[in-house]
Amino acid sequence: MTTKYVTGTIAGISLSFDFHCTNSVQVEKLLKDVNERRSTGHDMILPRLIKASAAAIAEPIADILNASVAQGCYPSVWKMGQVTPLFKESDEFKIKTKL
């Protein structure tokens, strides 16, 4: 198994952590633990389908993840996120700006 070590400094604080490669067994376990009640992500794949196909897709996903760690980069589509605002006040349509 390949390990990638990352070190750096942020605000004068030395940081260090490492990434360990995964295997298809670990990936399959995580895929089978997917909550079927959740909605689809940006890929529009149903969690039920991911869970049902875990055995078939675990090895290719593990290979992609390991290549990503080894190369130190990952696909740009993985950078997508979904931000949901949580309003503290009762009226979410009133937006107050501070000048």
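Thresholds applied
Numbers given to residues run from 1 along each chain, matching the order in which its sequence is written. For this predicted model, a pLDDT threshold of at least 70 governs which residues receive local features, and a threshold of 80 or more governs which side-chain atom pairs are given and counted, while totals over whole chains, interfaces and linings are taken from all residues. Each side-chain value is worked out from all heavy atoms of the structure, with water and hydrogens disregarded. A run of DSSP states H or I qualifies as a helix once it reaches four residues; a run of E qualifies as a strand once it reaches two. Both are numbered from the N-terminal end. Only protein chains enter the accessibility calculation, which uses a 1.4 Å probe; a residue is then buried when its area is under 20% of its type maximum, exposed when over 50%, and partly exposed in between. Polar contacts here mean pairs of N or O atoms no more than 3.5 Å apart (in protein, one a potential hydrogen donor and the other a potential acceptor; neighbouring residues in sequence count only if both atoms are side-chain atoms). Expected helix span is taken as 1.5 Å per residue step, with the number of steps being one fewer than the number of residues.

Draft legend 1. Here's a closer look at the side chain of Thr22. Looking at the element boundaries, Thr22 is found in the loop between strand E2 (13-20) and helix H1 (24-32). Look at Thr22 and you get buried, because its relative accessible area is 18%. A polar atom in the side chain of Thr22 sits 2.6 Å from the side chain of Gln26.

Draft legend 2. The environment of Phe19, seen in detail. Tracing the backbone shows Phe19 in strand E2. Phe19 sits in the partly exposed class, given a relative accessible area of 37%.

Draft legend 3. Quick look at the environment of Ala52. Positionally, Ala52 belongs in helix H2 (residues 47-52). Given the relative accessible area of 69%, Ala52 is considered exposed. Spatially, the C-alpha atom of Ala52 lies 8.7 Å from that of Leu31, the residues being 21 residues apart in sequence.

Draft legend 4. Region of interest: helix H3 (residues 54-71). Taking 1.5 Å per residue as the helical rise, H3 with its 18 residues ought to reach 26 Å, and the 25 Å between its terminal C-alpha atoms agrees with that figure. Every buried residue of H3 is listed here: Ala54, Ala58, Ala62, Asn66, Ser68 and Val69. The first or second residue beyond H3 is Gly72, which carries a positive phi of 75°.

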